[in-house]
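Structural characterization, general
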Amino acid sequence: MARAGVTVDRLVAAAAELADEAGFEQVTLSALARHFGVKDASLYAHVRGLNDLRTRLALYAGGELIDRIADAVAGRAGKDALVAFANAYREYALAHPGRYAATQIRIDQDLIAGSPAMRRTADITYGMLRAYGLAEPDLTDAVRLLRSTFHGYCALEAAGGFGAPRDVRRSWDRAVEALHVALENWPREG
């Protein structure tokens with residue numbers, strides 16, 4: 001019998017649950033070994049170590065996030081796609097704080113290049129931005145603007161960093177509207 005039914009998939013799924021319950025930094029091999037009722041060393045049959053586990057978790061969560069975004073933007077373009085993309089991103093970040101934190105770690109570029117979820121993320125994000133008439137290097141700059149805006153807003157919101165009485169959702173909607181205006185009026189390089 002496989003001890004406690006541990007597989008790579010079950011290990012990563014348990015890591016995702018632990019991340020959301022206790023925080024991404026609490027995802028350790030020891031914590032997961034306790035969860036499965038096995039010794040830490042037995043997990044090395046499934047992952048190469050903590051960094052490997054966290055990378056797998058990041059790819060897993062990134063796949064979940066892009067699945068939600070893809071569903072939200074399907075059949076939409078321009079502002080409608082941007083709003084759907086942004087809202088799906090925010091909803092995932094707030095509903096799954098530990099998994100979302102995993103998506104922010106630095107991953108080896110070779111792993112990113114080999115990941116279907118990461119390729120899909122690029123395809124969907126760049127495709128949405130091409131509807132604004134953007135091409136490289138403006139596409140990369142626009143992706144960085146969106147990611148930093150979405151991440152910063154979600155991180156501040158999750159930490160309770162918005163203390164003013166203004167409705168946080170209303171401010172989010174206005175921020176996305178401002179991004180739309182910025183994308184429509186993007187200062188082209190060249």
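Our structure is the block above this text.
Residue positions within a chain follow its written sequence, with the count starting from 1. Only residues with pLDDT of 70 or above have their local features reported here, since the model is predicted, and side-chain atom pairs are shown and tallied only from 80 upward, although totals for entire chains, interfaces and linings are computed over all residues. Heavy atoms throughout the structure, all of them, feed into the side-chain values; hydrogens and water do not.

Quick word on the pattern of salt bridges
- A pairing counts as a salt bridge when a side-chain nitrogen of Lys or Arg comes within 4 Å of a carboxyl oxygen of Asp or Glu. Applying the stated rule across the entire model yields 10 salt bridges.
- A salt bridge links Glu 17 to Arg 99; the nearest nitrogen and oxygen atoms lie 2.5 Å apart. Of this pair, Glu 17 sits in helix α1 (residues 8-22) while Arg 99 is found in helix α5 (residues 97-102), placing the two residues 82 residues apart along the sequence.
- In this structure, Arg 99 and Asp 20 form a salt bridge, with 2.8 Å as the shortest nitrogen-oxygen distance. Remark: Asp 20 occurs in helix α1 and Arg 99 occurs in helix α5; sequence separation between them is 79 residues.
- Only protein chains enter the accessibility calculation, which uses a 1.4 Å probe; a residue whose area is less than 20% of its type maximum is buried, one above 50% is exposed, and one in between is partly exposed. Relative accessible area serves as the criterion here: at 6%, Arg 99 is assigned to the buried category.
- One connected set of salt bridges, linked through shared partners, spans Glu 17, Asp 20, Glu 64 and Arg 99. Every helix listed is a DSSP run of H or I at least four residues long, and every strand listed is a run of E at least two residues long, numbered separately from the N terminus.

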